[in-house]
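# Remarks on the overall topology
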Amino acid sequence: MPHDIVVGIDGSAEGLAAAHWAAQEAQRRGTGLGVVHVWHRHPRPAPYVPLDSTERDRAEQVLDEAVRSVRAAHPELRITDRLVCDATVSGLLKVAAGTDLLVLGSRGFGALGGFLTGSVSQRVVSRSTRPVVLVRAGRSAADEHLPATDGVAPEEIPETPYRQVVLGLQTDRPCDEPIEFAFDAARRRGTGLAVVHTFRTAFRPAPAPSVPLVSAAPEGPPLVSRPRAQAPADQERTVTAVLRPWREKYPTVRVTETVTEGRAAVVLAQAARDAGLLVVGRRGIDHQVGVHVGPVTHAVLHHVGCPVAVVPHD
């Protein structure tokens, strides 16, 4: 499919919200949008298919309704639609392989239904070689912007500033792909980028010292050994060094850095509370471990309300 962005819809409110978010992103990127519905035949007719219809008829109806809704809101956008008869996960993965971005709906919060039924969205996220954005139901164009002041007409909402982009940064391995995705997203929106890095200091009981921890120097005050006190400063220096080339590449993006000790999922959920987009990385498929999204990504997908971009990296 010759589009940078493709959205997978399934007839749910989450899928429709994802389609409209994807349309907005396509406009920001100046590209077209592909709307895809993956369906498959059941041995017996599915209960949601009317008696006087077929599963394919129902699939065509779901796709047509989504496309008409997006076209009505974005009449100038180039949109194509496509039905794919395949297993849901494999069909979405095949579609995603030829695009820059796949967008899906997500219910989150442990709810059943939509793409999360049978962990479909998590399986797509964990196996996709391309970035995947998950969008909640009820998200609108206005939600990407800061609250409008009284008296602002609906058509003026796009002129209000965008909410910031939040990046969950890892420093223990190369992760250029999610960093670039976050910087580019902030640049396209003309908004700030909040980079959040968390760390945990493992507690290890100190062994009984064989020599005093306080020693007298030949001149000057005593020197006191404080190995743990250097950890936050070291983390901050590492984050600054990792971001330096990206600040130079994207000089117009306002960047704030937060380095804190704590649980990554909890800190990111708090940081993304008023964000327009959260970006997290995912390591490539480890065939020894199997397909997984990692505990942090798993948590934010279920508990963060704004759209979440999961970007694979080496």
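The structure contained in this document is the topic of the report that follows. The residue numbers shown here count from 1 along each chain, following its written sequence. Only residues with pLDDT of at least 70 get local features here, since the model is predicted, and only at 80 or more are side-chain atom pairs given and counted; chain-wide, interface and lining totals rely on the full set of residues. Derived side-chain values reflect all non-hydrogen atoms in the structure, with water molecules and hydrogen atoms excluded from consideration.

### Re helix α6 (residues 231–249)
Elements are defined by DSSP. Helices are runs of H or I of four residues or more, strands are runs of E of two residues or more, and each kind is numbered from the N terminus. To estimate the expected span of a helix, count its residues, drop one, and scale the result by 1.5 Å. Helix length check: α6, at 19 residues, gives a terminal C-alpha distance of 28 Å against a target of 27 Å (1.5 Å per residue), a fit within 8%. Along α6, the largest kink reaches about 40° and is centred on Leu 243; proline Pro 245 follows within four residues of it. For α6, the complete set of buried residues consists of Val 239, Leu 243 and Trp 246. Contacts between residues were defined by any pair of non-hydrogen atoms, one from each residue, lying within 4.5 Å. Its buried side turned inward, α6 meets α5 (176–189), β7 (193–199) and β10 (255–261). Given a residue, its bend is the angle between the two axes fitted to the seven residues that end at it and to the seven that start from it. The buried label applies to any residue whose accessible area, calculated with a 1.4 Å probe on protein chains only, is under 20% of its type's maximum; exposed applies above 50%, and partly exposed to all values in between.

### Here's the deal with the packing of aromatic side chains
Two rings belonging to Phe, Tyr or Trp (six-membered ring only in the last case) form a pair when the distance between their centres is within 6.5 Å. Interplanar angles under 30 degrees mark stacking, angles over 60 mark edge-to-face geometry, and anything in between is tilted. In total, this model carries two aromatic pairs according to the counting rule given. One aromatic cluster is present, formed by Phe 183, Trp 246 and Tyr 250 through successive ring pairs. For a Lys NZ or an Arg CZ to count as sitting over a ring, it must be within 6 Å of the ring centre and within 35 degrees of the ring normal. Above the plane of the ring of Trp 21 lies Arg 28, whose end atom (NZ or CZ) is 5.9 Å from the centre.

### Here we look at the sheet that holds strand β6 (residues 165–168)
The pairing criterion for strands is at least two bridges between them, as found by DSSP. Taken together, the 10 strands give an open sheet; going across it, the order is β3-β2-β1-β4-β5-β12-β11-β6-β7-β10, and neighbouring strands pair in mixed fashion. Only two strands of the sheet have a single partner each, and these edge strands are β3 (79–85) and β10. Across the sheet, the axes of successive neighbouring strands diverge by a mean angle of 25°, strand direction being ignored. Here an angle of 0 to 180 degrees is reported between the N-to-C directions of two axes, which are lines fitted to C-alpha atoms, with helices fitted over the stretch in contact. Across the sheet, α6 lies against β7 and β10, angled at about 155° from β10, the strand it touches most.

### Section: the packing of helix α1 (residues 13–29) against α5
Where α1 contacts α5, the two axes come as close as 10 Å, and the packing angle between them is 80°. Taken together, the axes of α1 and α5 are roughly perpendicular relative to one another. Contacts from Trp 21, Glu 25, Arg 28 and Arg 29 of α1 reach α5 at Phe 181, Arg 188 and Arg 189. Charged means Asp, Glu, Lys or Arg here, nonpolar means Ala, Val, Leu, Ile, Met, Phe, Trp, Tyr, Cys or Pro, and polar covers whatever is left, Gly included. When the residues that make up the contact of α1 with α5 are grouped by side-chain class, the tally is two nonpolar, no polar and five charged. Throughout, the term roughly parallel applies to angles under 35 degrees, roughly antiparallel to angles over 145, roughly perpendicular to angles from 65 to 115, and oblique to all others.

### Description of the pattern of salt bridges
By definition here, a salt bridge exists when the distance from a side-chain nitrogen of Lys or Arg to a carboxyl oxygen of Asp or Glu is within 4 Å. In total, this model carries 14 salt bridges according to the counting rule given. Arg 29 is the partner of Glu 25 in a salt bridge, and the nearest nitrogen-oxygen pair spans 2.9 Å. Taken together, the residues span about one helical turn, with Glu 25 and Arg 29 both in helix α1 at a distance of four residues. A salt bridge links Arg 28 to Glu 144; the nearest nitrogen and oxygen atoms lie 3.4 Å apart. Residue Arg 28 is located in helix α1, and its partner Glu 144 is located in the loop between β5 (132–135) and β6; the two are separated by 116 residues in the primary sequence. This pair shows no difference in class: Arg 28 is buried, exactly as Glu 144 is. Here the salt bridges share partners, and the residues they tie into one network are Glu 25, Arg 28, Arg 29, Glu 144 and Arg 189.

### Here we look at the nonpolar core
Generally speaking, nonpolar side chains in soluble globular proteins are found buried as a group. Counting residues in hydrophobic clusters, the biggest one holds 47 residues, and the most contacted among them are Val 7, Leu 33, Val 103, Phe 183, Leu 193 and Val 279. Sort the elements by how many residues they give to this core and α1 lands first, with seven residues. Not counting chain neighbours up to four residues away, the residues in contact with Val 279 comprise Val 165, Val 166, Leu 167, Gly 168, Pro 178, Phe 181, Ala 182, Ala 309 and Val 311. Buried Ala, Val, Leu, Ile, Met, Phe, Trp, Tyr and Cys residues form a nonpolar core when they are joined through side-chain atoms within 4.5 Å. Counting residues in hydrophobic clusters, the runner-up holds 32 residues, among them Leu 93, Val 166, Cys 306 and Val 310.

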